2 protein chains.
Amino acid sequence: MSLLIVGSIALDTVHTPYGKVEDAVGGSAVYGAYAASRFTPVSIVGVVGDDFPARELRSLRRCGVDLEGLERVKKGKTFRWGGRYFEDINQRETLYTELNVFSDFAPKLPDSYRRIPNVFLANIDPDLQLDVLRQVAKPRLVVCDTMNLWIDIKRPSLLRLLKKIDCLLLNDEEARMLGDSASLTRAALKLRRRGIERIVVKKGEHGCTMFGPEGVFGAPALPLAAVKDPTGAGDTFAGGMLGYLCGRALSEANWRKAIVAGTALASFCVEDFSTRRLRRLDPKTLARRCDEVRAMMQVGNV
Amino acid sequence: MSLLIVGSIALDTVHTPYGKVEDAVGGSAVYGAYAASRFTPVSIVGVVGDDFPARELRSLRRCGVDLEGLERVKKGKTFRWGGRYFEDINQRETLYTELNVFSDFAPKLPDSYRRIPNVFLANIDPDLQLDVLRQVAKPRLVVCDTMNLWIDIKRPSLLRLLKKIDCLLLNDEEARMLGDSASLTRAALKLRRRGIERIVVKKGEHGCTMFGPEGVFGAPALPLAAVKDPTGAGDTFAGGMLGYLCGRALSEANWRKAIVAGTALASFCVEDFSTRRLRRLDPKTLARRCDEVRAMMQVGNV
């Protein structure tokens, strides 16, 4: 069962204490696609300018990513983001955001995409996320990511969207903001009472917490000695989680395993700049890392 | 097998968004003792003034806590701490610290304490921790807590002490400080290379990470909707962990279970002010909470 991803496709310039890349491929749809394609065929909806490197498109296709829904704007410039991470690699500042072709993006699904059963609405304007969802015939699983900006300026659209999804992904600060509570747990419970079945709170180096109908699941992130570039880790996590779920029953047990898979993939993402580590990841190494993440959480009866 | 605890015994005045207590019993040795006494007999070394309520001593004794090593200073004033927690209950400020009788504290172990095999050196001056350890005949298990202050002003004593212990407990900021690295993982690995066998990094609402000879263990904290007062949670965690290990083999599996026990006890600690919730905790409720913490971490093969 394949996965539809709508999100940003970007050229990122990133400085970290461990180096720098300029105009390297990035964006939520790209990170999500590289991760999800480990488990399932992926179809991307998005937009790039004609400055977007053809080799990056070939690389995505080689991973089983369908780009029929990728709009290429002639004489357009691809969305660009620049950021700098500090010595504490969990802290960053945005240096610039150039929307470029993304500012007029109106996602339009090719016919072949409309019956894709699984949908990842990566972090973009909730009105666009709603647009995409309207074009999907019968979604089986819809996961939505969002951010503080949309909670702030597009809350009504976001709340409308949240009624139609199976799982909301956001970070802890955003969960507190959307759930109107300084307590993460209260915020998550409030959001669940508003009808969101499942909330996965991403906490970066602290892992994630899933609040679902069968209770809470807490998964630590894998402690890594060498984090080079955290960009895209959250989207990689989401892509891995969703990809894992595509061919499987949506049981609590599988959601938990999906989080382990996402955690493992995210741990590779941050080991190098851009999508470098993700694209040269072999299946055995991924399987071993999944085992490692799981082993880190194993405990017997007390 | 019993447990020796050296640490502070305090009267705390605590404001949180959910209320206030004045001169309520607290201190690392007290929280640690209430938690550990769930699993093992506890002996405290510490000091109080004659203003310390007799009923609090009776309450500790009822829980199986031996107070022969408790010094009572006539006309002395007990150590006092005042603090305020903010709306984000993970943030606090210290309003005052009055050392009082604690400023001249020179821990002296009664003969009956010298052969106690398990030792919890709660967070006090590392020179005092060393003093206590010298008086113990043949320790089987020594766990040491510390804080930024001692890392800052008593680093040589602390490093001397760390050669003699089995496990160091500290928070993530302190681990980064002591291990001289912005990366928690690098810092922990560096500390292990310096000869500390096991490091348990306490991360408050994010749980803890244990770096040991058999790898890493990550345990989330139980997400709680109602945190009234986080004071003493770390000491309660430590006491529960150590108490659990006292009668058991020091295997990786048991260290992990001990962390679950500590996590469960800490989750009760924060549900009410001071030691209120801990002292009226029945064994069945504790067992259920341990199961709950463990269930939160369960995941199958990916």
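Residues numbered from 1 in each chain as written. Chains lettered and ligands numbered in written order. Predicted model: local features only at pLDDT ≥ 70, side-chain atom pairs only at ≥ 80, totals over all residues.

Visitor: Honestly, the overall build of chain A in this entry has me stumped. Any pointers?
Guide: A count of helices and strands for chain A gives 11 helices and 14 strands. Along the longest, intermediate and shortest principal axes, the C-alpha atoms of chain A span 60 × 40 × 35 Å. Within chain A, buried positions represent 52% of all 302 residues. Once local pairs closer than 6 in sequence are excluded, the contacts in chain A between residues at least 24 apart make up 65%. (Helix = DSSP H or I, 4+ residues; strand = E, 2+ residues; numbered from the N terminus. Buried ≥ 20, exposed ≤ 12 C-beta atoms within 10 Å, placed from the backbone. Contact = placed C-beta atoms within 7 Å.)

Visitor: Looking at this structure, I do not really get the sheet that holds strand E7 (residues 92-98) of chain B. What am I missing?
Guide: Adjacent strands of a sheet pair through backbone hydrogen bonds, lying either parallel or antiparallel. Residue and element names in this part refer to chain B. Strand order in the open sheet formed by 4 strands is E3-E2-E6-E7, with mixed pairing between adjacent strands. The outermost strands of the open sheet, each flanked by one partner alone, are strand E3 (19-26) and E7. For this sheet, the mean angle separating the axes of adjacent strands, direction not counted, is 15 degrees. As judged from the 6 bridges shared by strand E6 (residues 79-85) and E7, these two strands associate in the antiparallel manner. For Arg84, the partnering residue across the bridge sits in E7 and is Glu93. (Pairing = 2+ DSSP bridges. Axes fitted to C-alpha atoms, helices over the stretch in contact; angles between N-to-C directions.)

Visitor: How should the interface of chain A and chain B be read in this particular structure?
Guide: A common way to report how large an interface is uses the accessible area buried once the components associate. Between chain A and chain B, the residue contacts involve 33 residues of the former and 33 residues of the latter. Of all the secondary structure elements, the ones that give two or more residues to the side of chain A that touches chain B are helix H7 (184-193), strand E14 (215-219), helix H9 (252-269) and helix H11 (283-295) of chain A. If you tally residues by element for the side of chain A that touches chain B, the top one is H9 of chain A, at 5 residues. Here the side of chain A that touches chain B is composed, by residue class, of 19 nonpolar, 7 polar and 7 charged. (Nonpolar A, V, L, I, M, F, W, Y, C, P; charged D, E, K, R; others polar.)

Visitor: I would appreciate a short explanation of helix H3 (residues 126-134) of chain B in the present structure.
Guide: For an α-helix the count is 3.6 residues per turn, leaving residues at separations of three or four pointing the same way. All names here are of chain B. Taken together, the buried positions of H3 are Pro126, Gln129 and Val132. Looking down the long axis of H3, one finds its buried residues gathered within 115 degrees of arc, a one-sided arrangement. Taken together, the buried residues of H3 touch strand E1 (3-6), strand E4 (42-49), strand E8 (118-121), strand E9 (141-145), helix H4 (148-153) and helix H5 (155-162). (Arc of directions from axis to C-beta.)

Visitor: What is the right way to look at H9 of chain A in this model?
Guide: With 18 residues, H9 of chain A extends 26 Å between its outermost C-alpha atoms, agreeing within 8% with the 26 Å of an ideal straight helix rising 1.5 Å per residue. Here H9 of chain A lies mainly inside the structure; 15 of its 18 residues are buried. (Expected span 1.5 Å × (residues − 1).)

Visitor: Would you mind showing me how to read the sheet that holds strand E2 (residues 10-16) of chain A here?
Guide: Residues and elements named next belong to chain A. Strand order in this open sheet of 4 strands is E3-E2-E7-E8, and the pairing throughout is mixed. A single partner strand is all that each edge strand has here, and the edge strands are strand E3 (19-26) and strand E8 (92-98). With direction set aside, neighbouring strand axes in the sheet form an average angle of 15 degrees. Relative to E3, E2 runs antiparallel, the two being bridged by 6 bridges. Looking at E3, one finds that His15 is bridged to Lys20.

Visitor: Where do I start with the environment of Leu130 of chain B in this structure?
Guide: Residues and elements named next belong to chain B. Looking at the element boundaries, Leu130 is found in helix H3. Linking Leu130 and Lys164, residues 34 residues apart in sequence, is a C-alpha distance of 8.9 Å. Among all residues touching Leu130, those that are not within four sequence positions of it are Ser157, Arg160 and Leu161.

Visitor: It is not clear to me how the packing of helix H8 (residues 233-246) of chain A against H9 of chain A should be interpreted in this structure. Could you clarify?
Guide: Helix-helix packing is described using two parameters, namely the angle between the two axes and the distance between the axes. All names here are of chain A. Between H8 and H9, the shortest axis-to-axis distance is 7 Å and the interhelical angle comes to 140 degrees. Accordingly, the angle class assigned to the pair H8 and H9 is oblique. Seen along the crossing, H8 lies across H9 with a hand that is right-handed. Listed contacts from H9 to Ala233, Thr236, Phe237, Ala238, Gly240, Met241, Tyr244 and Leu245 of H8 are Asn254, Lys257, Ala258, Ile259, Ala261, Gly262, Thr263, Leu265, Ala266 and Cys269. For the contact of H8 with H9, a count of residues per class yields 12 nonpolar, 5 polar and 1 charged. (Parallel < 35°, antiparallel > 145°, perpendicular 65-115°, else oblique. Left-handed = near helix turned anticlockwise from the far one by under 90°.)

Visitor: Would you take a moment to explain the relation of the copies chain A and chain B for this structure?
Guide: Note that the two copies of the chain are related through a rotation about an axis and a translation along the same axis. Rotating chain A by 180 degrees and translating it 0.0 Å along the rotation axis places it on chain B, where the RMSD comes to 0.0 Å. On this basis, the relationship between the two copies can be described by a two-fold rotation axis. A shared interface surface links the copies, since 100% of the contact residues of chain A are contact residues in chain B too. (Least-squares fit on C-alpha atoms with pLDDT ≥ 70 in both.)

Visitor: Any chance you could explain the packing of helix H9 (residues 252-269) of chain B against helix H11 (residues 283-295) of chain B here in plain terms?
Guide: Residue and element names in this part refer to chain B. Two elements in contact, H9 and H11, have axes separated by 9 Å at closest approach and are oriented at 115 degrees. Judged on the interaxial angle alone, H11 and H9 are roughly perpendicular. The handedness of the crossing between H9 and H11 is right-handed. Side by side, H9 and H11 meet where Val260, Ala261, Thr263, Ala264, Ser267 and Phe268 of the first sit next to Leu286, Arg289, Cys290, Val293 and Arg294 of the second. Grouping the constituent residues of the contact of H9 with H11 by class yields 7 nonpolar, 2 polar and 2 charged.

Visitor: What's the story with the pairing of strand E9 (residues 118-121) of chain A in this structure? I'm lost.
Guide: One face of the sheet, then the other: side chains in a regular strand alternate in exactly this way. Residue and element names in this part refer to chain A. Of the two faces of E9, the one holding Asn118 and Phe120 and the one holding Val119 and Leu121 are both buried throughout. Pairing between E9 and strand E10 (residues 141-145): 4 bridges, direction parallel. Opposite Leu121, over in E10, you have Cys144 as the bridge partner. Crossover handedness for the path E9 to helix H3 (residues 126-135) to E10: right-handed. (Right-handed = clockwise from strand over helix to strand, strands pointing away.)

Visitor: Sorry, what's going on with the confidence of the model for chain A here?
Guide: In low-pLDDT regions, the fine details of the predicted coordinates are not to be read closely. The share of residues in chain A with pLDDT of 70 or more is 100%, and the mean pLDDT across the chain is 96. Per the prediction output, this complex has pTM 0.95; the corresponding ipTM is 0.93. (pLDDT = per-residue confidence, 0-100.)

Visitor: Is there a simple way to explain unusual backbone geometry in this structure?
Guide: Peptide bonds are, in most cases, trans, and in most cases residues other than glycine have a negative phi. All names here are of chain B. For Asn100, which is not glycine, the phi torsion reads 50 degrees and is therefore positive. You can call Asn100 buried: it has 20 C-beta atoms within 10 Å. At Asp180, a residue that is not glycine, the phi angle is positive and equals roughly 50 degrees. With respect to the secondary-structure elements, Asp180 resides in the loop between helix H6 (172-178) and helix H7 (184-193).

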